[in-house]
Protein chains: 2
Amino acid sequence: MERLMRNIKLTIEYDGTNYSGWQSQKNAVAVQNEIQKAINKLTGENCLLIGAGRTDAGVHALGQVANFRTSSKIPADKFSYALNSLLPDDIVIKKSEEVSLDFHAQYSAKGKKYMYLIYNSNRPSALLRERAYFVPQKLDVDAMKKAAECFLGTHDFSAFRATGGSAKTSVRTITNVSLDVCHNMLDACNNLGSCNNLIKFEIEGNGFLYNMVRIIAGTLVEIGIGKLPWDSVPGIIESRDRKRAGRTAPPHGLYLVEVRY
Amino acid sequence: MERLMRNIKLTIEYDGTNYSGWQSQKNAVAVQNEIQKAINKLTGENCLLIGAGRTDAGVHALGQVANFRTSSKIPADKFSYALNSLLPDDIVIKKSEEVSLDFHAQYSAKGKKYMYLIYNSNRPSALLRERAYFVPQKLDVDAMKKAAECFLGTHDFSAFRATGGSAKTSVRTITNVSLDVCHNMLDACNNLGSCNNLIKFEIEGNGFLYNMVRIIAGTLVEIGIGKLPWDSVPGIIESRDRKRAGRTAPPHGLYLVEVRY
């Protein structure tokens, strides 16, 4: 008797600190491997887990998406609970659902949303050390805000692309950006003055090149410090010259928030 | 020539996850030891570091206070930078200042403020796993708010005291409480509905008994679940019976926010 094939979509949160990233690397544990191992243990099958995209070592996810096919009869929404009981605490399946067989976490994706957190204070934070990029210089948030808006629209983002990616074109469309100072709960405001020292940068688009968000975040920080003027961004984009953009910001400030389908 | 003795006050943030707590325990590293080691290395002396109070293993601090005497001539505010360069990343000196010789971090303390974070969602959080207490049952925040206010004032808190503490009296005065639902940045709101799933409980008083805040937090959770009515709190306090209060909530949701002098 033929067994019915089903396609299961997972929405995943992970703390990237202890992983080589989403995808397997030599001599390092990848998030993908951990989840695939748990699925195989649960289903007794040898499933292939397809992720929406890679994340680098140290990068976090609030809403990474992946899918796999299975003939298991486990109800779709039960997969999350069953897999969570097999996974380490720093990887959590937030949602599991059945989708049509043609759903492909990578190829079906229409867009992604990322968040980048910057901790701007005169001393580092113990509690946010693996959650936000520590910048001790006073940042000009207004200049950063204006600069962020320059990324909106359709551009060739060659200047914000690291070597090593496999994308054929470097044209991408950015549909939304925001940059705001946030209330930081994990700081002792009363002792030490204002705790509005967390800067949240969000960016949404139809796709992102290798290290693109981290290079944009690094450029915004250089603008915040005053090393680059905010209105240099259109010229940097136009130049398509990686050397003119800022340095790549570290991975631990970056979060893959959402994949849109 | 006699060397001038100075008294240095430190304000300290730490991630308690990897420590046995503030104070040294057999076979486990304590936050106090790490800082004392760094001070001794920096000053070449054998200083005694006095903390405002102990915190248990896994408990965090945003504003723990400690002091030590030294004849070192390092400017007071430079101690923080010098010590941070010697300390592991999960311990950060946020402020260092010179205080009068009679200042004693423990005996001079007039009060303390704690925060307890609860993550209330149907699935756990990978990123907050060591920062907030995960409670999967839907919590009645209004009932918890009303219950929290019952702790205000001067009471004998024997019902909220674990054995093992050395305090002579169990009478304490609570001067401020608050309980609010917070915006949780580390959750993918758009994918998964509201991210108002972080509950922040704050409590301030002239002193706290052993495990008192964790037992109060555990009691508030039982009230939120509906296991106890909110108006049972005055009776539980009055009973002075530990068995009538709720279970001790886990350490990783607790933060020492501030010590008042």
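Residues numbered from 1 in each chain as written. Chains lettered and ligands numbered in written order. Predicted model: local features only at pLDDT ≥ 70, side-chain atom pairs only at ≥ 80, totals over all residues. Heavy atoms only, no water.

## Brief notes about the overall build of chain A
For step 1, the next point in the chain: Scanning chain A for helices and strands turns up 6 helices and 10 strands.
For step 2, the next point in the chain: Its C-alpha atoms give chain A a radius of gyration of 20 Å, within 12% of the compact-globule value 18 Å for 261 residues.
For step 3, the next point in the chain: The principal-axis extents of the C-alpha atoms in chain A amount to approximately 70 × 45 × 30 Å.
For step 4, the next point in the chain: By the burial criterion, 56% of the 261 residues in chain A qualify as buried.
For step 5, the next point in the chain: A fraction of 72% describes how many contacts in chain A between residues 6 or more apart in sequence connect residues 24 or more apart.
For step 6, the next point in the chain: A total accessible area of about 11600 Å² is found for chain A, and carbon and sulfur atoms account for 49% of it.
For step 7, the next point in the chain: Of the charged side chains in chain A, 33 are positive and 26 negative, and the gap between their average positions amounts to 4 Å. (Helix = DSSP H or I, 4+ residues; strand = E, 2+ residues; numbered from the N terminus. Rg over C-alpha atoms; globule rule 2.2 N^0.38 Å. Buried < 20%, exposed > 50% of the residue type's maximum accessible area, 1.4 Å probe, protein only. Contact = heavy atoms within 4.5 Å. Areas by Shrake-Rupley, 256 points an atom, 1.4 Å probe, with all protein chains shown as cover. Lys, Arg positive; Asp, Glu negative; His and termini not counted. Charge placed at Lys NZ, Arg CZ, Asp CG, Glu CD.)

## Things to note about the domain arrangement of chain A
Residues and elements named next belong to chain A.
For step 1, the next point in the chain: Domain annotation of chain A identifies domain 1 (6–99) and domain 2 (111–260).
For step 2, the next point in the chain: Using only C-alpha atoms to locate each centre, domain 1 and domain 2 end up separated by 27 Å.
For step 3, the next point in the chain: Residue-level contacts link 15 residues of domain 1 with 15 residues of domain 2.
For step 4, the next point in the chain: Taking both sides of the interface into account, the surface hidden between domain 1 and domain 2 amounts to around 1100 Å²; carbon and sulfur atoms contribute 56%.
For step 5, the next point in the chain: On the domain 1 side of the interface with domain 2, the three residues burying the most area are D56, H60 and L62, jointly 42% of the side's total.
For step 6, the next point in the chain: The interface formed by domain 1 and domain 2 includes 2 salt bridges.
For step 7, the next point in the chain: Note that D15 and R131 form a salt bridge whose closest N and O atoms lie 3.2 Å from each other.
For step 8, the next point in the chain: Summed over the shared surface of domain 1 and domain 2, the result is 10 residue pairs in polar contact (both at pLDDT 80 or more).
For step 9, the next point in the chain: Of the residues contributing to the side of domain 1 that touches domain 2, the split by class is 6 nonpolar, 7 polar and 2 charged. (Domains from an automatic or database assignment. Buried area = accessible area lost by both parts, 1.4 Å probe. Salt bridge = Lys/Arg side-chain N within 4 Å of Asp/Glu carboxyl O. Polar contact = N/O pair within 3.5 Å; in protein donor to acceptor, adjacent residues only side chain to side chain. Nonpolar A, V, L, I, M, F, W, Y, C, P; charged D, E, K, R; others polar.)

## What to know about the packing of helix α1 (residues 31–43) of chain A against helix α2 (residues 78–86) of chain A
All names here are of chain A.
For step 1, the next point in the chain: Their axes nearest at 9 Å, the elements α1 and α2 cross at an angle of 110°. Considering their axes alone, α1 and α2 lie roughly perpendicular with respect to each other. Seen along the crossing, α1 lies across α2 with a hand that is right-handed. Taken together, the residues of α2 that come into contact with α1 (itself represented by A38, I39, K41, L42 and T43) are F79, A82, L83 and L86.
For step 2, the next point in the chain: For the contact of α1 with α2, the per-class residue count stands at 7 nonpolar, 1 polar and 1 charged. (Axes fitted to C-alpha atoms, helices over the stretch in contact; angles between N-to-C directions. Parallel < 35°, antiparallel > 145°, perpendicular 65-115°, else oblique. Left-handed = near helix turned anticlockwise from the far one by under 90°.)

## Section: the interface of chain B and chain A
For step 1, the next point in the chain: Counting residues at the interface gives 47 residues for chain B and 47 residues for chain A.
For step 2, the next point in the chain: For the pair chain B and chain A, the summed buried surface comes to about 3700 Å²; carbon and sulfur atoms form 56% of the total.
For step 3, the next point in the chain: Area buried by chain B at its contact with chain A is led by R123(B), L127(B) and M185(B), which between them contribute 20% of it.
For step 4, the next point in the chain: Counting across the interface, chain B meets chain A through 2 salt bridges.
For step 5, the next point in the chain: One salt bridge in this structure joins D15(B) and R129(A), with 2.8 Å as the shortest N-O distance.

## A few points about the packing of helix α3 (residues 141–149) of chain A against helix α5 (residues 212–225) of chain A
Residues and elements named next belong to chain A.
For step 1, the next point in the chain: Direction vectors running N to C along α3 and α5 enclose 140°, while the axes themselves pass 8 Å from each other. Relative to α5, α3 is oriented so that their crossing is right-handed. When α3 is examined against α5, the residues A143, M144, A147 and A148 are found in contact with a partner set consisting of L220, V221, I223 and G224.

## Some words on the side chain of D90(B)
For step 1, the next point in the chain: Tracing the backbone through its elements, the reader meets D90(B) in the loop between α2 (78–86) and β4 (91–99).
For step 2, the next point in the chain: No salt bridge forms around the buried D90(B); measuring N to O, its nearest opposite-charge neighbour R129(A) is 4.2 Å away.
For step 3, the next point in the chain: Among the polar contacts listed, one links the side chain of D90(B) to the side chain of Y19(B), at a separation of 2.7 Å.
For step 4, the next point in the chain: The contacts of D90(B), once residues within four sequence positions are left out, are A126(A), R129(A), E13(B), Y14(B), D15(B), N18(B) and Y19(B).

## A look at the pattern of salt bridges
Residue and element names in this part refer to chain B.
For step 1, the next point in the chain: Applying the stated criterion across every chain yields a total of 28 salt bridges over all chains.
For step 2, the next point in the chain: The partner of K37 in a salt bridge is E34, and the shortest N-O contact between them spans 3.8 Å. Placement of the pair is K37 and E34 together in helix α1 (residues 31–43), with a separation of 3 residues, close to one helical turn.
For step 3, the next point in the chain: Residue K37 is classed as exposed on the basis of its relative accessible area, which comes to 54%.
For step 4, the next point in the chain: On the accessibility criterion, E34 (16% relative accessible area) is buried.
For step 5, the next point in the chain: The residue D241 makes a salt bridge to K243 at a minimum N-O spacing of 3.7 Å.

## Considering the side chain of T55(B)
Residues and elements named next belong to chain B.
For step 1, the next point in the chain: Note that T55 resides in the loop between β2 (50–51) and β3 (60–70).
For step 2, the next point in the chain: Among the polar contacts listed, one links the side chain of T55 to the side chain of Y14, at a separation of 2.7 Å.
For step 3, the next point in the chain: Ignoring any residue separated from it by four or fewer positions in sequence, one finds T55 in contact with Y14, G21, W22, Q64 and L256.

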